[in-house]
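# Geometric and topological summary
Spelled out from the first residue to the last, the chains are:
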Amino acid sequence: MIHYFIGNLGHACVIASFVSALAAAFSYWKSNQATNNLLADEWRKTARVSFWIHAAAVLGIGIALFVIIGNHYFEYHYAYSYSDTKLQTYYLISTFWNGQEGSFLLWMFWHAVLGLVLMYTQRNWEAPVMIVFTLVQAFLASMILGVVLPGIDLKLGSSPFILLREAMADPIFQANPNFIPSEGQGLNPLLQNYWMVIHPPTLFLGFAATLVPFAFVVAGLWQRQYRDWIKPALPWSLFAGAVLGLGILMGGYWAYETLNFGGYWNWDPVENAVYVPWLVLVASIHTMITYKNSETALKASMILVVSVFILILYSTFLTRSGILGDASVHSFTDLGLSGQLFVYMMFFLLAAVALLVIRWKEIPTSEKEISVYSREFWIFAGATALCLMGFQVLLPTSFPVINKVLGLIGIDSKMATPGNQVAYYSNIQIWFAIAVALLSGTGQFFWWKRMDKSKLKAEMLAPVLITLILWAIVIAGARIYQPSYLLLSLAGLYIIVSSANVLRSVIKVNRSLAGGALAHIGVGLMLVGILFSAGYSRIVSLNNSGIAISNDLPDDFNRENLLLFLNEPRGMAGYDIEYKGERIEPRSGSGYIKKNDVYWTDDLFRVVAKKDILINGNLRYRQGDTIEVRPENTYYEIQMKKEGKLAATLYPRTQINPDMGGFLASPDIKRNPDRDIYTHVSNMMNPQAEPDWRKQDDQRVKLGQEFFANDYVAVMESISRLEELEGVELGAEDVAVKARIRVEGEYEPFYAEPIFVIKDRTPGVISSEIPDLGIRLTLVNIHPETSEFTIGLSQRQKNWVVIKAVEKPFINVLWLGTGVLMMGFFMAMIRRFREFRQISKA
């Protein structure tokens, strides 16, 4: 049965959210234009009611979509495309924002929450600010309307409540319009990760928060309150910077844990499109603080705040218009929204630019000459460096857009994004990072007061000396010789020391002032961590055997990867490492199950335990239990020992992922205080290929008799008759017999259970394989006259895996720096919110 009601309800909520957003915008405009307070209050009340209806409608859309996903209503295209019945609840939640429509809805939700907060905390600014908010909400709501305008045949948006039969031209729907699939396509296995549950909501909250300062600057320009908008906007800029930065860092950590490119930042076009607005946002925060303290850089603050929001819209256009094509693994396919997205972006760009141009001459400017010994000079220089840093990334990232635009006017442009984008961007960005760190570190000395030349020398002497001493120690210890790395290490240490000097001073006065210094210390730690973890990472899985893994593979692969056979230790990075076999993951609970301990069933998601299974020393499953597993993932257990003691057990993963081109490898990481050993599978036995079995060797054995199976001692423990056999219908005169054979491996026993069948007087066999040992056992015949059994033994190469391991020194300094940076951001944000609240009460 098709559940029409919930989809119709959700679609009605979409329409209500769109109409109520426009109604709220109109009412707030009337309130702002009202000539007397009574009329203004009446329109404000109407606007508030409209926005409450809008917020309720947005919540209703979300609830309707969650009901569809959670109840597996696969008659809906969204649920069918991104979920299945096997997903746990938290991954079902993450399917909500897996599609374009859901991510737009998440963005709308955060805007609605922030709008309600502003509605009751910014009475003096409510009307002009909320006009901007509601117009943005109306545009976002239009993205999920999914309606066709009559007469002009123009479709607005893509609805998350469209039925599968309306989205897919499948013949089955012609034969049976009410057909409902029993299973969905599921969530991309790569996204079935706890970071993907929290990373997108955090990132979209950061996106949403950038609207607040944008709305204030537009309101300030519109109302000619050129100076006053800074105070309420600054805390929200800090909030946006903190949350957006946290979202970016979460994405980086997800990439580090999940992808196998060996790092946390790949300079993917969509990564860049979020990184650039954050850089400009940080620059705007500094110019806003400058204006608040000394009334300079007002115009620069306005331009930067506007730029941040427009860049967020531009990143949305890049991600969701389909213009990037295959240039980014993050980009969505075009759902026909590229035109709407372009109009959305251009509307607010042109409106903001027009306001700036019209009001430009009226905007106050400072007549004060900026001295090189003033904090304004250094802050403005740092903000300029941040903006140039962003522009250098933005330009190549925009090549697909530039090509498209030039193509529209008849110019055939073929500008391409860099081939080796990591090297390209990193080699340039490092110089901007050095400049920003040096400027920020020096600017710390001017933060509290203007200085002359003599005072500056006195203030800088101790921090510079400490920096140089630490730098000398680091250079000698780490053997840094490359000029760019030398300067980056110097700049990173310099900003840490100078900021620590400021932190020491401000703590004595007022601890609440420590946020800025902490944030700068965090930046310095991050630079040092990035320098060592990226610049001095080294491959430790070197093949020193002198024998190529495969002559068909490139030389660098044969040199940088290590072939591990099952239970055969090898040396690597001071550890003895040993491959222990393939593992699968149960759907519930932690830990892994050995593939050899289970039978596979016709249902790929269910296996049956061959024996009692212990996980982490505790009995988890008994023999014969049916276990739900994740069949798309295979884990490879690799033990690392040092001086005979177990140091770590790693489980790097391979994944069958058709959405991402087939097989994908994800790393596992041995974490040490001073370094990580980052290990992933680079090649393995193909599970879909037919094994190359050698000629079968038959031997006759008795029950309980030991025999050799490929150099392993084996014994037939028992023989039993089967009353039923899966996949075979046994008649009254048919016979099925199962043998249980124990094979003693290097460390543990393995079990094989071959079956001998006589069906309709015709004998047959079902062999049993032990993949880890590379043997297949067959019950070839039964000899009742001698109480013997003929056992057939086939052999192949035993299990192996090829791994690549990279040592990443001092990466924990990077993670420590991110934590300190976020702490500084939030401390500064809380302080500014408190300041504004006190001013508002006064």
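Before any of the text, the structure's been laid out above.
Below or above, wherever it landed, is the structure these notes cover.

Of the regular secondary structure elements, the protein holds 22 helices and 29 strands. Along the longest, intermediate and shortest principal axes, the C-alpha atoms of the protein span 110 × 75 × 55 Å. When the 842 residues of the protein are sorted by exposure, 54% land in the buried category. A separation of at least 24 residues holds for 68% of the contacts in the protein among residues at least 6 apart in sequence.

Here we take up the pattern of salt bridges. Throughout the structure, instances matching the rule amount to 32 salt bridges. Between arginine 538 and glutamate 807 there is a salt bridge, and its shortest N-O distance comes to 2.9 Å. Taken together, the positions of arginine 538 in strand E3 (residues 538–539) and glutamate 807 in strand E29 (residues 800–809) put the pair 269 residues apart, joining distant regions of the chain. Linking glutamate 717 and arginine 740 is a salt bridge whose minimum nitrogen-to-oxygen distance equals 3.7 Å. Remark: arginine 740 occurs in strand E22 (residues 735–744) and glutamate 717 occurs in strand E21 (residues 712–721); sequence separation between them is 23 residues. Looking at glutamate 717, the relative accessible area reads 33%, which means it is partly exposed.

Time to look at a nonpolar patch on the surface. Where nonpolar side chains cluster on the molecular surface, the patch consists of Leu59, Ile63, Phe109, Val113 and Val117 and spans about 370 Å² of accessible area. Going through the elements one at a time, helix H2 (37–70) and helix H5 (100–121) are the ones with two or more residues in the nonpolar patch. Examining the composition of the nonpolar patch, we find that three residues originate from one element, H5, more than from any other. Here isoleucine 63 shows up in helix H2.

Under the definition given, this model contains 44 aromatic pairs. For the ring pair tryptophan 267 and tyrosine 425, a centre distance of 5.3 Å and an interplane angle of 25° mean the geometry is stacked. Separated by 158 residues along the polypeptide, tryptophan 267 in the loop between helix H11 (230–258) and helix H12 (269–294) and tyrosine 425 in helix H17 (residues 421–443) bring together distant segments of the chain. Neither residue differs from the other here; tryptophan 267 and tyrosine 425 are each classed as buried. Ring centres of tyrosine 579 and tyrosine 636 lie 6.2 Å apart, and the angle between their planes is 35°; on these two criteria the pair is classed as tilted. Linking tyrosine 579 in strand E6 (residues 575–584) with tyrosine 636 in strand E13 (residues 633–642), this pair joins segments that are 57 residues apart in sequence. Tyrosine 636 shares its class with tyrosine 579; the two are buried. Linked through ring pairs, Tyr194, Trp195, Tyr253, Tyr256, Tyr264, Tyr678 and Trp815 together constitute an aromatic cluster. One Lys or Arg, lysine 580, reaches over the ring of tyrosine 747 and ends 3.4 Å from the middle of that ring. We note arginine 740 situated over the ring of tyrosine 751; from NZ or CZ to the ring centre the distance is 4.1 Å.

Below, the discussion takes up helix H13 (residues 298–320). A rise of 1.5 Å per residue sets the reference length of H13, with its 23 residues, at 33 Å; its end C-alpha atoms lie 34 Å apart and thus fit the reference within 8%. Once H13 ends, the next one or two residues include glycine 322, with phi positive near 80°.

What follows concerns the sheet that holds strand E9 (residues 606–609). Reading across the sheet, the three strands line up as E8-E9-E12 and stay open at both edges, with antiparallel pairing between neighbours. Of all the strands in the sheet, the pair left with one neighbour each is strand E8 (598–600) and strand E12 (626–628). The sheet shows a mean angle of 40° between the axes of neighbouring strands, taken without regard to direction. Where E8 meets E9, three bridges bridge the pair, whose relative direction is antiparallel. Note on E9: the bridge partner recorded for tryptophan 600 is valine 607.

Each value, and the rule that gives it
Position numbers for residues start from 1 in each chain and track the written sequence from start to end. Given that the model is predicted, a residue must reach a pLDDT of at least 70 before its local features are reported, and side-chain atom pairs must reach 80 or more before they are shown or counted; all residues, however, enter totals for whole chains, interfaces and linings. Side-chain measures were taken over the full set of non-hydrogen atoms in the model, leaving aside hydrogen atoms and water. Strands here are runs of E lasting at least two residues and helices are runs of H or I lasting at least four, both read from the DSSP assignment and numbered beginning at the N terminus. Throughout, exposure labels follow a simple rule: accessible area from a 1.4 Å probe, protein chains only, divided by the maximum for the residue type, with under 20% read as buried, over 50% as exposed, and the rest as partly exposed. Contacts are assigned to residue pairs with any non-hydrogen atoms lying within 4.5 Å of each other. What makes a salt bridge here is a side-chain nitrogen of Lys or Arg within 4 Å of a carboxyl oxygen of Asp or Glu, nothing more. Each patch is assembled from residues with relative accessible area greater than 30% and no salt bridge, linking like charges that lie within 9 Å and nonpolar side chains (Val, Leu, Ile, Met, Phe, Trp, Tyr) that lie within 5 Å. A 1.4 Å probe and the Shrake-Rupley method give the accessible areas. Residues count as covered only by the protein chains that appear here. Only Phe, Tyr and Trp rings take part, Trp by its six-membered ring, and two of them pair if their centres are within 6.5 Å. Stacked means planes under 30 degrees apart, edge-to-face means over 60, and tilted covers everything else. Only lysine NZ and arginine CZ atoms are considered, and such an atom sits over a ring when it is within 6 Å of the ring centre and within 35 degrees of the ring normal. Here the expected span of a helix is defined as 1.5 Å times the quantity of residues minus one. In this analysis, strands are considered paired if DSSP registers two or more bridges between them. Under this scheme, a helix contributes an axis fitted over its contacting stretch, all axes are lines through C-alpha atoms, and angles between N-to-C directions fall in the 0 to 180 degree range.

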